Amino acid sequence: MAVKLRDLGLAIKRLQMRHHRSVDASLAPLGITLVQWDALRHIANNPGASSHQLAELTFQTDQAFGTLSSRLLERGLIERQVGPGRAIRHHLSPTGADLMKKGAAIVDEVLRASFASLTQADVELLYRLVVRVLESPLAVDTRPPAQHEERPSGRPARPARRSSQHRKG
C-alpha cells in the first residue's frame with residue numbers, strides 16, 4: 001500500500017511536535033524554553049545579527065523576536081548594540097553562552113534518544129531525503145494575495161478592511 005503524502009506530512013509534523021515537547025520539558029530545569037534556547041543558538045552562530053535576521057532564522061515575526069530578545073536581555077543572557085540605521089545587533093553574554101551550551105547538550109540527548117532506532121546510515125539517508133525535499137521548489141505559491149491582485153475567479157481581491165478606529169461614524 002502506497003503512503004499518502006498527507007500521512008507523510010502528518011508524521012513529520014508529529015515527530016517535530018514530539019521533539020519540541022521533549023526538548024521543552026528537558027530544558028525546563030535550566031529555566032529556558034526551546035524557543036529561548038533556539039534564539040540563543042542562532043545568536044551564538046550569528047554574532048552581530050540584526051533582529052530581523054534572527055527573527056527569520058527562528059521562524060518568528062520581527063515583533064515576536066523583539067519581545068523574546070527583550071526577555072533574554074532582562075535575564076542578562078544577551079547584549080544588544082545599536083548598528084547602522086535602526087538595526088540592533090545581538091551578542092550572547094557569558095551567562096547566555098553558558099546556558100546555550102548546557103541546552104545544546106540537552107537537545108542533543110533528546111534527539112539521540114528520538115532517533116535511537118535508526119542506524120547511522122538511516123539517519124544520513126533521512127537527512128539527505130529531507131534536504132532534497134527542502135531544496136525542491138514548491139509549485140504552490142504560499143504567499144498571501146496582494147490587496148488588489150486578481151483571484152483565480154478573475155475578480156480582484158477586496159482591499160483590506162480598515163480597523164474600527166479608522167472607520168467613519
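Please refer to the structure higher up on the page.
Residues numbered from 1 in each chain as written. Predicted model: local features only at pLDDT ≥ 70, side-chain atom pairs only at ≥ 80, totals over all residues. Heavy atoms only, no water.

(A) Expanded view of the packing of helix α2 (residues 34-45) against helix α5 (residues 94-114). Between α2 and α5, whose axes approach to 9 Å, the crossing angle comes to 115 degrees. As far as their axial angle goes, α5 and α2 are roughly perpendicular. Where α2 crosses over α5, the two elements pack in a sense that is left-handed. Here W37, L40, R41 and A44 of α2 lie close against α5, whose contacting residues are G96, L99, M100, G103, A104 and V107. Here the contact of α2 with α5 is composed, by residue class, of 7 nonpolar, 2 polar and 1 charged. (Axes fitted to C-alpha atoms, helices over the stretch in contact; angles between N-to-C directions. Helix = DSSP H or I, 4+ residues; strand = E, 2+ residues; numbered from the N terminus. Parallel < 35°, antiparallel > 145°, perpendicular 65-115°, else oblique. Left-handed = near helix turned anticlockwise from the far one by under 90°. Contact = heavy atoms within 4.5 Å. Nonpolar A, V, L, I, M, F, W, Y, C, P; charged D, E, K, R; others polar.)

(B) Seen up close, the nonpolar core. Within the largest apolar cluster, 21 residues are counted, with the highest numbers of intra-cluster contacts made by W37, L40, F65 and L72. Mapped onto this core, the elements with two or more residues apiece are α1 (5-27), α2, α3 (51-57), α4 (62-74) and α5. With 5 residues, α2 is the largest single contributor of residues to this core. (Core = buried A, V, L, I, M, F, W, Y, C linked by side-chain atoms within 4.5 Å. Buried < 20%, exposed > 50% of the residue type's maximum accessible area, 1.4 Å probe, protein only.)

(C) Representation of the pairing of strand β2 (residues 88-92) within the structure. Where strand β1 (residues 78-82) meets β2, 5 bridges bridge the pair, whose relative direction is antiparallel. Looking at β2, one finds that Q81 is bridged to R89. In this structure, the hairpin formed by β1 and β2 is closed by a connection of 5 residues, where G85 is found at a positive phi of approximately 65 degrees. (Pairing = 2+ DSSP bridges.)

(D) Summary view of the pattern of salt bridges. What the rule picks out here adds up to 3 salt bridges. Of the charged contacts in the structure, one is a salt bridge between D98 and K102, with a shortest N-O distance of 3.2 Å. With D98 and K102 both in helix α5 and 4 residues apart, the pair spans about one turn of that helix. The class of D98 is partly exposed, set by a relative accessible area of 40%. Since its relative accessible area comes to 44%, K102 is described here as partly exposed. A salt bridge links R112 to E109, with the nearest nitrogen and oxygen atoms 3.2 Å apart. With R112 and E109 both in helix α5 and 3 residues apart, the pair spans about one turn of that helix. (Salt bridge = Lys/Arg side-chain N within 4 Å of Asp/Glu carboxyl O.)

(E) Molecular detail of the packing of α1 against α5. Contact geometry of α1 with α5 gives a least axis separation of 10 Å together with a crossing angle of 140 degrees. Our classification of the angle between α1 and α5 gives oblique. Of the two possible hands of crossing, α1 and α5 adopt the one that is right-handed. Contact residues: L15, R18, H19, S22, V23, S26 and L27 in α1; G103, I106, V107, V110, L111 and S114 in α5. When grouped by side-chain class, the residues that make up the contact of α1 with α5 number 7 nonpolar, 5 polar and 1 charged.

(F) Representation of α2. Helix length check: α2, at 12 residues, gives a terminal C-alpha distance of 16 Å against a target of 16 Å (1.5 Å per residue), a fit within 8%. Of the residues making up α2, those classed as buried are L34, Q36, W37, D38, A39, L40, H42 and I43. Those residues of α2 that are buried are in contact with α1, α3, α4, β1, β2 and α5. (Expected span 1.5 Å × (residues − 1).)

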